[in-house]
Amino acid sequence: PFSDLPTEIILTICKDAAQPTFSQREKYDMKNPYSTALSLCLVSRLVRRIILPDFLHTILLRRHHSLKKFANALFIQKAYAEKESDLFFDYTSAIQRMWISNSFDYFVYAEARPPNNSSFLFSLAKYFCSKTDELRRNISVLLPVILAVPELAVDRDHLGYIMKSVQDAWSSRTDLNVGGHSSFPGKTKNLTIIRQGDYLDTWTGWNPELFSDRVKESVFLASIPHLTHLI
């Protein structure tokens, strides 16, 4: 019987079962590739702790609401930590790769109407500008996680908010838990900057020459050894 197996073997089986196959044959628009992992996390606290590091290895936030949901998840973990709950799990120790971009939202809008349509451009700008305050709050919540991720891909719009958040926190030396140390605590080794599209450049304020100056001035960008601009 399964229950007679040693605990180590049972946990190995659960961990293997939690891995998504990402097979082209599977319809992931119909099924969450991590649904098995989510179900197994409900089996026991021990199984949950074994599975979560793999489950959180790569975080893909490709929609505006994805960023908000992940920020809410971090708030929940903070509440667990304050209550010293067994459900608390340190996300920063598990996440190795993170992708932050509203690119899928842009694609949905672009497919709905042609980009040379002035009303389309106006409605798109109005939508994303209305999310500015919320986006700024969510980025500040994610900041400790972002700084702990070795591999980060982010679009230019979100990068601006991250740079501003890091600069403000670094100036105050309080929000980053640096404890008085003078060295910047960021662990990002590779940063990929995602281009959003030519017709969005006026809104994101993209200027290659200006960006070069910002690289020199930003404590966040200056700490990263490898930068890639993905077009």
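No experiment lies behind these values; they were computed from the predicted model shown.

Draft legend 1. The sheet that holds strand β5 (residues 226–230), seen in detail. Pairing is parallel across the open sheet formed by five strands, whose spatial order is β1-β2-β3-β4-β5. The sheet terminates laterally at β1 (58–61) and β5, the two strands that pair on one side only. With strand direction ignored, the average angle separating the axes of adjacent strands in the sheet is 10°. Where β1 and strand β2 (residues 97–100) come together, four bridges link them in parallel fashion. Bridging across to β2, Leu-61 finds its partner in Ile-100. Against the sheet, helix α4 (residues 64–82) engages β1 and β2, with an angle of about 130° to β1. In the packing of helix α8 (residues 156–172) onto the sheet, contacts are made with β2, β3 (151–155), β4 (190–194) and β5, and the angle to β3 comes to roughly 115°.

Draft legend 2. A look at the packing of aromatic side chains. Under the defined criterion, the tally for this structure stands at two aromatic pairs. Ring geometry for Trp-170 and Phe-184: centres 5.4 Å apart, planes at 75°, overall edge-to-face. Remark: Phe-184 occurs in the loop between α8 and β4 and Trp-170 occurs in helix α8; sequence separation between them is 14 residues. With relative accessibility at 11%, the residue Trp-170 sits in the buried group. Overall, Phe-184 belongs to the buried group, its relative accessible area being 16%.

Draft legend 3. Quick look at helix α3 (residues 45–55). Listed as buried for α3 are Val-47, Arg-48, Ile-51 and Leu-52. For α3, the angular spread of buried residues about the axis comes to 125°, placing them on one side. Buried-residue contacts for α3 involve α1 (7–17), α2 (35–40) and α4.

Draft legend 4. Focus on the layout of surface pockets. Within this model, the largest pocket holds a volume of roughly 1000 Å³. At the level of secondary structure, the elements contributing two or more residues to the lining of the largest pocket comprise α3, β1 and α4. It is α4 that provides the largest number of residues to the lining of the largest pocket, a total of six residues. Counted by class, the lining of the largest pocket contains 15 nonpolar, five polar and four charged residues.

Draft legend 5. Up close: the packing of α1 against α3. The N-to-C vectors of α1 and α3 enclose an angle of 40°; their axes lie 10 Å apart at closest approach. Relative to α3, the element α1 is oriented oblique. At the point where α1 passes α3, the crossing takes the right-handed sense. Residue-level inspection shows Thr-7, Leu-11, Cys-14 and Lys-15 of α1 in contact with α3, the latter providing Leu-46, Val-47, Ile-50, Ile-51 and Asp-54.

Draft legend 6. Molecular detail of the pattern of salt bridges. If you walk through the whole model with that rule in mind, you get four salt bridges. Across the pair Asp-86 and Arg-45 runs a salt bridge whose closest N-O atoms are separated by 2.6 Å. Of this pair, Asp-86 sits in the loop between α4 and β2 while Arg-45 sits in helix α3, placing them 41 residues apart in sequence. According to the relative accessible area criterion, Asp-86 is partly exposed, its value standing at 43%. Residue Arg-45 is classed as exposed on the basis of its relative accessible area of 55%. Notably, a salt bridge pairs Lys-164 with Asp-168, separated by 2.7 Å at the nearest N-O pair.

Draft legend 7. A look at the environment of Pro-20. Along the chain, Pro-20 falls in the loop between α1 and α2. Taking C-alpha positions, Pro-20 is 5.5 Å from Pro-33, a pair spaced 13 residues apart along the chain. Discounting chain neighbours no more than four positions away, the residues touching Pro-20 are Pro-33 and Tyr-34.

Draft legend 8. The arrangement of the packing of α4 against helix α7 (residues 132–148) in detail. Orientation of α4 relative to α7, taken along the N-to-C sense of each, is 50°, at an axis distance of 9 Å. Overall, the two elements α4 and α7 adopt an arrangement that is oblique. Relative to α7, the crossing made by α4 is left-handed. Counting all contacts with α4, which are made through His-64, Leu-67, Lys-68, Phe-70, Ala-71, Leu-74 and Phe-75, the residues of α7 involved are Glu-134, Leu-135, Asn-138, Ile-139, Val-141, Leu-142 and Val-145. Looking at the contact of α4 with α7, its residues break down into 10 nonpolar, two polar and two charged.

Parameters and conventions
- Residues numbered from 1 in each chain as written.
- Predicted model: local features only at pLDDT ≥ 70, side-chain atom pairs only at ≥ 80, totals over all residues.
- Heavy atoms only, no water.
- Pairing = 2+ DSSP bridges.
- Helix = DSSP H or I, 4+ residues; strand = E, 2+ residues; numbered from the N terminus.
- Axes fitted to C-alpha atoms, helices over the stretch in contact; angles between N-to-C directions.
- Contact = heavy atoms within 4.5 Å.
- Phe/Tyr/Trp six-rings, centres within 6.5 Å; stacked < 30°, edge-to-face > 60°.
- Buried < 20%, exposed > 50% of the residue type's maximum accessible area, 1.4 Å probe, protein only.
- Arc of directions from axis to C-beta.
- 1 Å grid on protein atoms, 1.4 Å probe; cavity = no way out; pocket = protein on both sides within 12 Å on 5 of 7 lines; lining within 4 Å.
- Points joined across faces, edges and corners; volume = space filled by probe spheres on them.
- Nonpolar A, V, L, I, M, F, W, Y, C, P; charged D, E, K, R; others polar.
- Parallel < 35°, antiparallel > 145°, perpendicular 65-115°, else oblique.
- Left-handed = near helix turned anticlockwise from the far one by under 90°.
- Salt bridge = Lys/Arg side-chain N within 4 Å of Asp/Glu carboxyl O.

By themselves these figures say nothing about function.
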